[in-house]
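Report on the structure
The residues making up each chain are set out below.
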Amino acid sequence: MTFTELWHELEPLGRDPGTGGYRRYSWTEADAQCRAWFTAKATNLGLAVEADNNGNLWAWWGDTRENAVVTGSHLDSVPDGGGYDGALGVVSALAAVEMLKDKNFYPERPVVLALFTEEEGARFRVPCLGSRLMTGAIAPETARALTDDDGITLAQAMTAAGHDASAISPREDLLGRIGAFVELHVEQGRALAPLDAAVGIAKGIWPHGRWRLDFQGRADHAGTARFADRKDPMLPYARTVLAARRAAADNGALATIGKVIAEPGGANGVSSAVIAWLDARAPDEARLEATVTTVRSAAMRYSKECGVTLSARQESYTPPVHFDQRLRDRIADVLAAAGMQAPVLATGAGHDAGVLAARMPTAMLFVRNPTGVSHSPAEHADLADCEAGVRALALVLEDLACQ
Ligand SMILES: [Zn+2]
C-alpha cells in the first residue's frame, strides 16, 4: 500500500466528528482500533508483530534478533490532537518498509517497527510512558497506580483491554537487541518552512519542566469587599502570566501557563485560591533555570503585594537530550548523497526518542509543518513532504540495515 492509502485507512480512527480532532487515548476503544490496524498492516508486510509486557508493539523484519534498526512512533493523541503527531512516524515506517521490500532489499540487520503506548501522557499524565517503562525510567508499581481523570488506574485500564498489568517491567533484554532508533515525526514548529526543506534532522531536545504555582488568598464578596480589604489571588496570578512571557522572551526560552484552576470558581466572588501550571523550556539548562527563577521571584513579589501566599513546586523535569552525533552525521550524509539537504534543528517537544537516547544511538527526522501548528486539529503536513519523509526514512533504514 502507498503512503496515501495507509494514511486514509488510519485517518478516521479515534477522530471526534464534532471537533475534527483526535481522541486516541491509551487503552480505549480508539486505541485498540489503532493497534489492530498497525498489527494488520505490519503482518501484511510479512513482519512478525509482538506485544511486549509494557503495552508497546514491535514488528520484526529479518532473520536475527540482534543489533536491530528500530523505527516508529506512537498513535495516541492529546485531547483533540492533530492527525500527524505520532501517526506520521508510524505510517511512514510502514510505507518505508514496503518501499524497501518493493525493491527487493533484504536487511542484514533486522528492521523493526515500534509502536509506543501513551506517548502523550493524555490519559495517565506521564508522557512517553511506554518507553519509560521499557527503560526503567518509571517504576512498574508507580505506573500501575497512575490514574486517569475518572480515577481508573493504568493497571485497571490495561486489564480491561486484555493485557496483564502485573507483567509491566523494564526490558533490558529487548533494549540490548536494539542497535539504533530513528523516529520520524511531524515538525512541531516552523523552522523548516523558511529553509525550503521538506525534511530535517533533530539535533536535540530542549530541557523542559512543569511547575505548579498555588496562589492562596481569601474568598470574598464581589459586590461588597473593598479593594483595599481583598486578598485576591487572581491579581498576582495574572501578573505572573505576563512575567512568565517576558522572562522567557528575555532568555530565548518558552514559558506557557496553559492550565489554571480558580477556587471555588464563583462568578460573583473573589477567588480563595488560584492554581496554575507553568510549562517552561529553553535551549539549555542555564536559560531554563534563569527563566523559572525569574518567574518564581516575580510571583512571590506580586503575591506579597496582594496579601496572598504562594507555594511553588516542580512537578516534572526532563534534562536536555543530545542525539547521537555519529548517527546524525551518517543520516545527513545518506540524505545528501540522495540530493536531500536536511537542516539540523533543535526542538522543545518531548518524544520517545528522547527517552531512548539515554540508552542507544538515537536520531529523529522531522517533516516540514507549513504553519508549525501542532497538538491541534489544524496540524498539517503537505503530501509531497510526507512522501519525501518516507523516502528519507527508507534511505536511512536501508543504509543502517546493510552494514
Ligand atoms: Zn508525538
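Up top is the structure these notes are about.
Our subject in this report is the structure included herewith. Computed from a prediction, not measured in an experiment: that's the story for all the values here.

Some details on the overall build of the protein chain
Scanning the protein chain for helices and strands turns up twelve helices and 15 strands. For the protein chain, the C-alpha radius of gyration of 23 Å lies close to 22 Å, the compact-globule estimate for 403 residues. Seen through its C-alpha atoms, the protein chain measures out along the principal axes to roughly 80 × 45 × 40 Å. Classification of the 403 residues of the protein chain by burial places 53% in the buried group. Nonlocal contacts in the protein chain, meaning residues at least 24 apart in sequence, comprise 77% of its contacts between residues at least 6 apart. Both charge centroids of the protein chain, one from 39 positive and one from 51 negative side chains, sit 7 Å from each other.

Structural notes on the coordination of the zinc ion
Protein coordination of the zinc ion is provided by H74 (NE2), D85 (OD) and H185 (NE2), with donor distances spanning 2.0 to 2.2 Å. Between consecutive donor residues of the zinc ion, the sequence gaps follow H-x10-D-x99-H. Here the residue D85 occupies a position in the loop between strand 3 (68–74) and helix 3 (87–102), and H185 occupies one in strand 5 (residues 178–186), the gap between them amounting to 100 residues. Pair check on accessibility: D85 and H185 agree, each one buried.

What about the environment of G217?
Here G217 shows up in the loop between strand 7 (208–216) and strand 8 (220–221). Considered as a pair, G217 and P233 are 16 residues apart in the sequence and their alpha carbons are 5.0 Å apart. Every residue in contact with G217, bar those within four places of it in the chain, is listed here: K231, P233, S272, A273 and V308.

Here's the deal with the packing of helix 1 (residues 3–10) against helix 2 (residues 29–44)
Running from N to C, helix 1 and helix 2 cross one another at 155°; their axes reach a closest spacing of 11 Å. Regarding the angle of helix 1 to helix 2, the classification is roughly antiparallel. Crossing handedness for the pair helix 1 and helix 2: right-handed. Together, L6, E9 and L10 of helix 1 and C34, W37 and K41 of helix 2 make up the contact between the two elements. Counted by class, the contact of helix 1 with helix 2 contains four nonpolar, no polar and two charged residues.

So, the packing of aromatic side chains
Given two aromatic rings, one states the distance between the centres and the angle between the planes to describe the pair. In total, this model carries seven aromatic pairs according to the counting rule given. Pairing F215 with Y237 gives two aromatic rings, centres 6.3 Å apart and planes at 75°, and the pair type is edge-to-face. Of this pair, F215 sits in strand 7 while Y237 sits in helix 8 (residues 234–250), placing them 22 residues apart in sequence. According to the relative accessible area criterion, Y237 is buried, its value standing at 13%. Linked through ring pairs, F3, W7 and Y84 together constitute an aromatic cluster. Over the aromatic face of W60 sits the side chain of R65, whose NZ or CZ is 4.4 Å from the ring centroid. Above the ring of W277, the side-chain terminus of K259 is found at 4.7 Å from the ring centroid.

Criteria and cut-off values
All chains use their own residue numbering, which begins from 1 and follows the written sequence. Local features in this predicted model are restricted to residues of pLDDT 70 or higher, and side-chain atom pairs are both shown and tallied only at a pLDDT of 80 or more, whereas totals for entire chains, interfaces and linings draw on every residue. Calculation of side-chain values draws on the structure's entire complement of heavy atoms; hydrogens and water are dropped beforehand. To qualify as a helix, a DSSP run of H or I must reach at least 4 residues; to qualify as a strand, a run of E must reach at least 2; elements of each kind are numbered from the N terminus. Using C-alpha atoms as the atom set, the radius of gyration is obtained and then compared with a globule rule of 2.2 Å times the number of residues to the power 0.38. Here the term buried applies to any residue with accessible area under 20% of the maximum for its type, exposed to any over 50%, and partly exposed to those in between, with areas from a 1.4 Å probe on protein chains only. Contact criterion: two residues are considered in contact whenever any of their non-hydrogen atoms come within 4.5 Å of each other. We score Asp and Glu as negative and Lys and Arg as positive, and we do not count His or the chain ends. Each charge is placed at NZ for Lys, CZ for Arg, CG for Asp and CD for Glu. Because water is not among the atoms used, a metal site may look incomplete, as its donors are only the N, O and S atoms within 2.8 Å, or 3.2 Å for Na, K and Ca. Here, axes are lines fitted to C-alpha atoms. For helices the fit covers the stretch in contact, and angles between N-to-C directions go from 0 to 180 degrees. Working definition: roughly parallel below 35 degrees, roughly antiparallel above 145 degrees, roughly perpendicular at 65 to 115 degrees, and oblique for all remaining angles. Two helices crossing with the near one rotated counterclockwise from the far one by less than a right angle form a left-handed crossing, whereas a clockwise rotation gives a right-handed crossing. The classification used treats Ala, Val, Leu, Ile, Met, Phe, Trp, Tyr, Cys and Pro as nonpolar, Asp, Glu, Lys and Arg as charged, and all other residues, Gly among them, as polar. Each Phe, Tyr or Trp ring, with Trp reduced to its six-membered ring, pairs with another whose centre is within 6.5 Å; inter-plane angles below 30 degrees give stacked pairs, above 60 give edge-to-face pairs, and intermediate values give tilted ones. Should the NZ of a Lys or the CZ of an Arg lie within 6 Å of a ring centre and within 35 degrees of the ring normal, that charge is described as sitting over the ring.

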